[in-house]
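Chains, contacts and geometry: an overview
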Amino acid sequence: MNFYDTDLTQLHDDLVNKKISATELTKATFENIHATEDQVQAFLTLNEEVAMKQAQEVDANGINADQLVAGIPLGVKDNIVTKGLRTTAASKILDNFNPIYDATVIEKLKAQNFINAGKLNLDEFAMGGSTENSAYQTTHNPWDLTRVPGGSSGGSAAAVAAGQVLAALGTDTGGSIRLPASYNGVVGMKPTYGRVSRWGIIAFGSSLDQVGWLTQSVKDNALLTSLISGHDEHDLTSSTREVPNFASQLNDDTSVKGLRIAVPKEYLGEGVDEGVKETIKAALKHYESLGAIIDEVSLPNTQYGVAAYYIISSSEASSNLQRFDGIRYGVRATDVQNLEDVYVKSRSEGFGDEVKRRIMLGTFSLSAGFYDAYFKKASQIRTLIRQDFEKVFENHDLVMGPAGPTVAYKIGANITDPKAMYMNDVLTVPVNMAGLPGMSIPAGFSDNMPVGLQIIGKPFDEQTMYNAAYAFEQTTDFHKQTPNLGGQN
Ligand SMILES: NC(=O)C[C@H](N)C(=O)O
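Residues numbered from 1 in each chain as written. Predicted model: local features only at pLDDT ≥ 70, side-chain atom pairs only at ≥ 80, totals over all residues.

**Examining the overall build of the protein chain**
Each helix and strand counted, the protein chain has 15 helices and eleven strands in total. Since a compact globule built from 489 residues should have a radius of gyration of about 23 Å, the 21 Å found for the protein chain is in line with a globular shape. Overall, the C-alpha framework of the protein chain stretches about 65 × 55 × 45 Å when taken along its three principal axes. By the burial criterion, 56% of the 489 residues in the protein chain qualify as buried. Considering only contacts within the protein chain whose residues lie at least 6 apart along the sequence, 76% involve residues at least 24 apart. (Helix = DSSP H or I, 4+ residues; strand = E, 2+ residues; numbered from the N terminus. Rg over C-alpha atoms; globule rule 2.2 N^0.38 Å. Buried ≥ 20, exposed ≤ 12 C-beta atoms within 10 Å, placed from the backbone. Contact = placed C-beta atoms within 7 Å.)

Laid out in structure tokens, this is it:
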């Protein structure tokens, strides 16, 4: 079954009208996965047996028309805990971790009777931009198997682009949904900080992390975001605001006439590839032709974003990752003399190089004597970045630019140069620092690889972003182009 020609609403209707059963759909999903997985390597754990059983149960109980994802297999990034289903965060230290509870987002999806197809690859603890930091495997970009899928939600993006599943959950601390969405030509959306509960997300940078979806279409993304959003008493940073039915507003009347779009000159400046710039400029022209008003603006503190982000996120990570000590979770070193040895050896053996680098950077930034020069300074920059956006949003509805400065690069190209890897986040980290919603949608191609247009919204105004994304999607056909892997059709 070809997932490129359908969407969640169609599948739901077909399931309700018994044109297809959940069992048939789930079987077809695993056929797609098996036909392409050797090439893509998106999954760390396949949940095939349990998924088939769940599908049979859904069929036996009948599909409830109110449960929009009932009987539909979806993928889950492997830093989101799933009860009884191995959850590794792509780290050796969690190699044998079988959570005893579900993340709130999973609970919400289970209440809808979704089918969990399996757990998707990422950079270890979501630290990276290519999935090359996974302790298990590098995922390959379905558009060109010699290139990275981006990261850290690279498995999620590649699985959707390869037509293995219609949608997959990701997380985004500094671009981890938007960058892979851009590299794989899919829709990726990071909601406003606080929109979605972080309970059961393996914490990385707690003041930055958000959960969101990677999908083939804007409408699917909107529909799914409504399903996982809302306040959760387990996460006091989750907002009590009402959750709109985002998808219900996407229809033939959705228009961008009069919409005021700000384009930061820093987002089309130095360091951004020519091909990416040209593609984004053409996309902006298209918005203009649809009646939007495009203005050049400045977000002057963009240049400090990467440095400040890596200090703040690593500081938070150094604290969050203390719990992995060989005692409470995961793998314990065996050749030990005393308790100190258990900690040191379990962590030395269990964590990969990038994770260790960040724990050291974060511990250093927080240490007495260096705190003022690093963590405090970075926090001040964070405020300036937020104020830059606030100023622009006084007169504009949305900010737009590229999601990343380049298209997907070759596997191995940046892995020995962490700074080069970090610089790919220059256009995405400011959004997390300011707590804003951001998405990437397919906007064209450069070097035969997809380019993502980044759309940034005001806090809790995901609707305006979805509307603009939908208007673009309905009048272009970039999202209809698919990689040619063979086998999945
Ligand atoms: N986690 C993210 O959002 C990706 C970012 N490149 C990082 O390594 O921190």
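Text resumes after the structure shown.
**Looking at the UniProt feature "active site" (unreviewed entry) in the protein chain**
Taking the numbering used here, the UniProt-annotated feature "active site" (unreviewed entry) corresponds to Lys77, Ser152 and Ser176. What stands out for the annotated residues spanning 100 residues is how close their C-alpha atoms remain, the widest pair being 11.0 Å apart. Setting aside chain neighbours within four positions, we find Lys77 in contact with Leu120, Leu122, Ser153, Gly155, Ser156, Ala168, Leu169, Gly170 and Thr171. The residue Ser176 is located in the loop between strand S4 (167–172) and helix H6 (178–184) in this model. Dropping the residues within four chain positions of it, Ser176 is found in contact with Ala126, Gly151, Ser152, Ser153, Gly170 and Thr171. (UniProt positions renumbered as here; feature names shortened; annotations may be inferred.)

**Quick look at the environment of His140**
Counting through the fold element by element, His140 comes out in the loop between strand S3 (115–120) and helix H5 (154–161). For the pair His140 and Tyr409, spaced 269 residues apart in the sequence, the C-alpha separation amounts to 11 Å. Beyond its immediate stretch of four places on either side in the chain, His140 contacts Gln39, Val40, Gln41, Leu145, Pro149 and Ala158.

**A few points about unusual backbone geometry**
Keep in mind that most residues, glycine aside, have a negative phi and that most peptide bonds are trans. Put simply, Gly151 and Ser152 share a cis peptide bond, and its omega is 10°. You can see Ser152 is positioned in the loop between S3 and H5. Within the chain, Phe125 stands out as a residue other than glycine whose phi angle is a positive 55°. Within the secondary structure, Phe125 is located in the loop between S3 and H5.

**Comments concerning the environment of Asp235**
Structurally, Asp235 can be placed in the loop between helix H7 (218–228) and strand S7 (260–264). Separated by 131 residues in the primary sequence, Asp235 and Thr104 have C-alpha atoms spaced 9.3 Å apart. The residues touching Asp235, leaving out its near neighbours within four places in the chain, are Ser197, Arg198 and Trp199.

**Considering the nonpolar core**
Ala168, Ile455 and Ala469 are the most contacted members of the largest nonpolar core, which has 138 residues in total. Of the residues forming this core, the biggest block, eight residues, is contributed by helix H12 (residues 372–393). If near-sequence neighbours (up to four positions away) are discounted, Ala469 is found in contact with Val218, Met439, Ile441 and Ile455. (Core = buried A, V, L, I, M, F, W, Y, C linked by C-beta atoms within 7 Å.)

**Points about the UniProt feature "domain: Amidase" (unreviewed entry) in the protein chain**
UniProt marks residues 24–464 with the feature "domain: Amidase" (unreviewed entry), using the numbering shown here. Each end of residues 24–464 is marked by a C-alpha atom, and these two atoms are 37 Å apart; helix forms 36% of the span and strand 14%.

**Description of the site of the ligand**
The ligand sits among Ala126, Met127, Gly128, Gly129, Ser152, Asp172, Thr173, Gly174, Gly175, Ser176, Ser313 and Asp425. Partitioning the shell around the ligand into residue classes produces two nonpolar, eight polar and two charged. (Near = placed C-beta within 6 Å. Nonpolar A, V, L, I, M, F, W, Y, C, P; charged D, E, K, R; others polar.)

**Some words on the confidence of the model for the protein chain**
When the pLDDT values of the protein chain are averaged, the result is 97; 99% of them are 70 or greater. Interface confidence for the predicted complex, given as ipTM, is 0.98, next to a pTM of 0.97. (pLDDT = per-residue confidence, 0-100.)

**Some words on the sheet that holds strand S2 (residues 73–77)**
Pairing within the open sheet is mixed, and its eleven strands lie in the order S1-S3-S2-S4-S6-S5-S10-S11-S9-S7-S8. The outermost strands of the open sheet, each flanked by one partner alone, are strand S1 (43–46) and strand S8 (293–297). The mean inter-strand angle of the sheet, taken between neighbouring strand axes irrespective of direction, is 30°. Against the sheet, helix H8 (residues 274–289) engages S7, S8, strand S9 (398–402), strand S10 (438–446) and strand S11 (449–456), with an angle of about 110° to S10. (Pairing = 2+ DSSP bridges. Axes fitted to C-alpha atoms, helices over the stretch in contact; angles between N-to-C directions.)

**Examining the pairing of S8**
Bridging between S7 and S8 involves five bridges; their strand directions are parallel. Bridge pairing in S8 links Arg260 to Ile293. Taking the sense of rotation as the criterion, the β-α-β connection linking S7, H8 and S8 turns out right-handed. (Right-handed = clockwise from strand over helix to strand, strands pointing away.)

**Topic: the packing of helix H9 (residues 305–320) against helix H11 (residues 353–366)**
Two elements in contact, H9 and H11, have axes whose closest approach is 7 Å; the angle formed by their N-to-C orientations is 100°. Considered as vectors, H9 and H11 are oriented roughly perpendicular to each other. Residues Tyr310, Ile311, Ser314, Ser315, Ala317 and Ser318 of H9 touch H11, and the partners they reach there are Arg358, Ile359, Leu361, Gly362, Thr363, Ser365 and Leu366. Partitioned by chemical class, the residues of the contact of H9 with H11 number six nonpolar, six polar and one charged. (Parallel < 35°, antiparallel > 145°, perpendicular 65-115°, else oblique.)

**Digging into H8**
Residues lying three or four places apart along an α-helix face the same way, a consequence of the helix completing one turn every 3.6 residues. A rise of 1.5 Å per residue sets the reference length of H8, with its 16 residues, at 22 Å; its end C-alpha atoms lie 23 Å apart and thus fit the reference within 8%. Residues of H8 that are buried: Val276, Thr279, Ile280, Ala283 and Tyr287. For H8, the angular spread of buried residues about the axis comes to 95°, placing them on one side. Facing away from the buried side of H8, by more than 90 degrees, are the exposed residues Glu274, Lys285 and Ser289. The inward-facing, buried residues of H8 contact S7, S8, S9, S10, S11 and helix H15 (462–474). Looking one or two places after H8, you find Gly291, whose phi comes out positive at around 105°. (Expected span 1.5 Å × (residues − 1). Arc of directions from axis to C-beta.)

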